[in-house]
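Chain and residue survey
Read off the chains here:
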Amino acid sequence: MRRAVIVGMLLVAGSAPGIAQPYHLIPGQVPLDKGPDGNTVVLDAPKGLIVFDTGRHPEHAQAIIDYAKQRGRPIAAIVNSHWHLDHTTGNWDLRQVYPRIGIYASEALNGALGTFLADSKAGAEKRLADPKTSPAERDQILRGRSVLDHPDRIRPNRVIAKSGRMNIAGRTLDVHLARFAASEGDVWIYDPKSRTAIVGDLVVDIVPFMDTACAEGWRKALGEIARVPFQTLIPGHGPAMSRVEFAAWRMAFNNFVDCGHSSRPGKECVEGWSRDAAQFIDAAHKDYVKGAAGYYLQTRLRSPAEERQRYCRPLSPATWRKPAA
Ligand SMILES: [Zn+2]
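Sequence positions are assigned chain by chain, starting from 1 and proceeding in written order. Selection of residues for local features in this predicted model requires a pLDDT of at least 70, selection of side-chain atom pairs for listing and counting requires 80 or more, and totals for whole chains, interfaces and linings are taken over all residues. By convention in this description, side-chain values take in all heavy atoms of the structure and omit both hydrogens and water.

**Brief notes about helix α10 (residues 266-276)**
- Within α10 the residues assigned to the buried category are G266, C269, V270, G272, W273 and S274.
- Pairs of residues are marked as contacts when any of their non-hydrogen atoms sit within 4.5 Å. Only DSSP runs of H or I covering at least 4 residues are called helices, and only runs of E covering at least 2 are called strands; the numbering of each starts at the N terminus. Among the structural elements, α9 (243-261) and α11 (286-301) are those in contact with the buried residues of α10. For every residue, the accessible area obtained with a 1.4 Å probe (protein chains only) is divided by the maximum for its type, and the residue is called buried under 20%, exposed over 50%, and partly exposed between those limits.

See the structure below:
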């Protein structure tokens, strides 16, 4: 009991002299008028800093670089939870400052480039041609297009093809690969020393971003996370969660998927999510969440079987390397 109290104090008293914080969180925002930034989590390693996800907007990437400079430590490695551009676009900003950086990620970007990302690029061209597109949106589209035109800028140079204990920048971490969940290959990590799970968009506080989701694979991944003895979980968007909070979020997710796959009225499913996940949804995002939940219900959970299963198998089978035996 006494030991538990002391460990708890260490975690909250991170800024006390001589006591290292287990991680540094650079929160991503989900603004209502432009694309979100994913959370960035920075870990210390013997060879430098490990940066988990790099955000979308230049200000977010700059905040990561500023933190490294302030610490006087180089960024040695990036781990990308998945290829969504709100988690990977900043890879290029960091690489320009630290050219030898190791980028650890699954190979799912390859399948996305010729499919989902090709479609969104076509949509972006249309928005660029529209004089009503705001300057801020134009900047965001151009930044996204620059990395899609040169995918090597954000692509991994250390491919994660299976789960296992890995040495990254001299630090041992449990690296997990969840196939066909929020994306075709979601990477999440568990640090046994601080009992912290960093899970990317397998958990998003306000609403699961299901644009490229396979609901069943995602449900399975949440089960795998639950089996790890974490004390703190950092989602892809939103503040850190306790085990109890994660369990509530997971139940809300499962209820939403079950409702989506039932014949109950769609309105019930959307209201069910808003109610089950109420503790994670702030007032400013209430309407946004209802709109997003309704959209994912129609596009991912209630679409014809073929479309519903689209992200439950490789987008481009030839692009996946066989994992080492
Ligand atoms: Zn995200």
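On we go from here.
**Overview of the layout of surface pockets**
- Counted as a void, the largest pocket has a volume near 1,100 Å³.
- Considering the residues around the largest pocket, the lining is formed by 38 residues, among which P36, R56, F116, Q140 and D211 are closest to the centre.
- Sort the elements by how many residues they give to the lining of the largest pocket and helix α6 (residues 116-129) lands first, with eight residues.
- When the residues that make up the lining of the largest pocket are grouped by side-chain class, the tally is 17 nonpolar, eight polar and 13 charged. Within this scheme a cavity is a closed region of a 1 Å grid, computed over the protein atoms alone, that accommodates a 1.4 Å probe without allowing it to escape, whereas a pocket is open but has protein on both sides within 12 Å along at least five of seven lines; lining residues each have an atom within 4 Å of a point. Grid points are joined across faces, edges and corners, and a volume is the space filled by probe spheres set on the points. Basically, the charged four are Asp, Glu, Lys and Arg, the nonpolar ten are Ala, Val, Leu, Ile, Met, Phe, Trp, Tyr, Cys and Pro, and anything else, Gly included, counts as polar.

**Comments concerning the packing of α9 against α11**
- At a closest axis distance of 10 Å, the pairing of α9 and α11 adopts a crossing angle of 55°. The angle between the axes of α9 and α11 places the two elements in the oblique class. With respect to the hand of their crossing, α9 and α11 are arranged in right-handed fashion. From α9, F256, V257, G260 and H261 reach across to α11, where they touch A293, L297 and L301. In this analysis an axis means a line fitted to C-alpha atoms, helices contributing only their contacting stretch, and an angle means the value between N-to-C directions, from 0 to 180 degrees. We call two directions roughly parallel when the angle between them is under 35 degrees, roughly antiparallel when it is over 145, roughly perpendicular when it lies between 65 and 115, and oblique otherwise. Two helices crossing with the near one rotated counterclockwise from the far one by less than a right angle form a left-handed crossing, whereas a clockwise rotation gives a right-handed crossing.

**Examining the confidence of the model for the protein**
- By definition, pLDDT measures how confident the predictor is in each residue, and it falls between 0 and 100. With 91% of its residues at a pLDDT of at least 70, the protein reaches an overall mean of 91.
- In this model residues 1-19 is a low-confidence stretch, pLDDT under 50, and it forms seven contacts with partners more than four residues away in sequence or in other chains.

**Quick look at the coordination of the zinc ion**
- Ligation of the zinc ion by protein atoms is provided by D86 (OD), H87 (NE2), D201 (OD) and H237 (NE2), these donors lying 2.1 to 2.3 Å from the ion.
- Note that water is not among the atoms considered, so a metal site may appear incomplete; the donors listed are N, O and S atoms within 2.8 Å of the metal, with 3.2 Å applied to Na, K and Ca. A four-donor site is called tetrahedral if each angle lies between 85 and 135 degrees; a four-donor site is square planar, and a six-donor site octahedral, when trans pairs exceed 155 degrees and the remaining angles lie between 65 and 115; all other cases are labelled irregular. If you look at the zinc ion, its four donor atoms make angles of 88 to 157° with each other, and the shape they trace is irregular.
- All donors of the zinc ion come from a single chain, and their spacing in sequence reads D-H-x113-D-x35-H. Residue D86 is located in helix α3 (residues 85-88), and its partner D201 is located in strand β10 (residues 196-204); the two are separated by 115 residues in the primary sequence. Pair check on accessibility: D86 and D201 agree, each one buried.

**Things to note about the state of the cysteines**
- Criterion for a disulfide: a pair of cysteine sulfur atoms within 2.5 Å. Considering all chains together, one arrives at two disulfides under this definition.
- Through a disulfide, C259 is tied to C269; the S-S separation comes to 2.1 Å. Taking the sign of the S-S torsion, -80° for the link of C259 and C269, the bridge is left-handed. In this pair, C259 is assigned in helix α9 and C269 in helix α10, connecting sequence segments ten residues apart. Per residue, the accessibility class of C259 equals that of C269, and both read buried.
- If you count the bonded cysteines of the protein from the N-terminus, they pair up as 1-4, 2-3.

**Considering the side chain of E184**
- Secondary-structure assignment places E184 in the loop between β8 (171-179) and β9 (185-191).
- A residue counts as positive if it is Lys or Arg and as negative if it is Asp or Glu; His and the chain ends are not included. For salt bridges, the criterion is a side-chain nitrogen of Lys or Arg within 4 Å of an Asp or Glu carboxyl oxygen. Lacking a salt bridge, the buried E184 has R179 as its closest oppositely charged neighbour, with an N-O distance of 4.6 Å.
- Polar contacts, as counted here, are pairs of nitrogen or oxygen atoms within 3.5 Å of one another; within protein the pair requires one atom able to donate a hydrogen and one able to accept it, and residues that are adjacent in sequence qualify only if both atoms are side-chain atoms. A polar atom in the side chain of E184 sits 3.1 Å from the backbone nitrogen of L315.

**Details of empty space enclosed by the protein**
- What the rule picks out here adds up to one cavity of 30 Å³ or more.
- The space that makes up the largest cavity amounts to roughly 70 Å³.
- Surrounding the largest cavity, N80, H82, W83, T88, A105, S106, A108, L109, I154 and P156 form its lining.
- Tallied by class, the residues present in the lining of the largest cavity amount to six nonpolar, four polar and no charged.

**A few points about helix α2 (residues 58-71)**
- Taking 1.5 Å per residue, 14 residues should reach 20 Å; α2 reaches 20 Å between its end C-alpha atoms and fits that length.
- Within α2, the full set of buried residues consists of H60, A61, I64, I65, Y67 and A68. Taken end-on, α2 shows its buried residues confined to a sector of 155°, consistent with a single buried face. Counted as exposed and oriented over 90 degrees from the buried face of α2: E59, K69 and Q70. Expected span of a helix: the number of residues minus one, times 1.5 Å. An arc is given here, and it is the one of the directions from the helix axis to the C-beta atoms.

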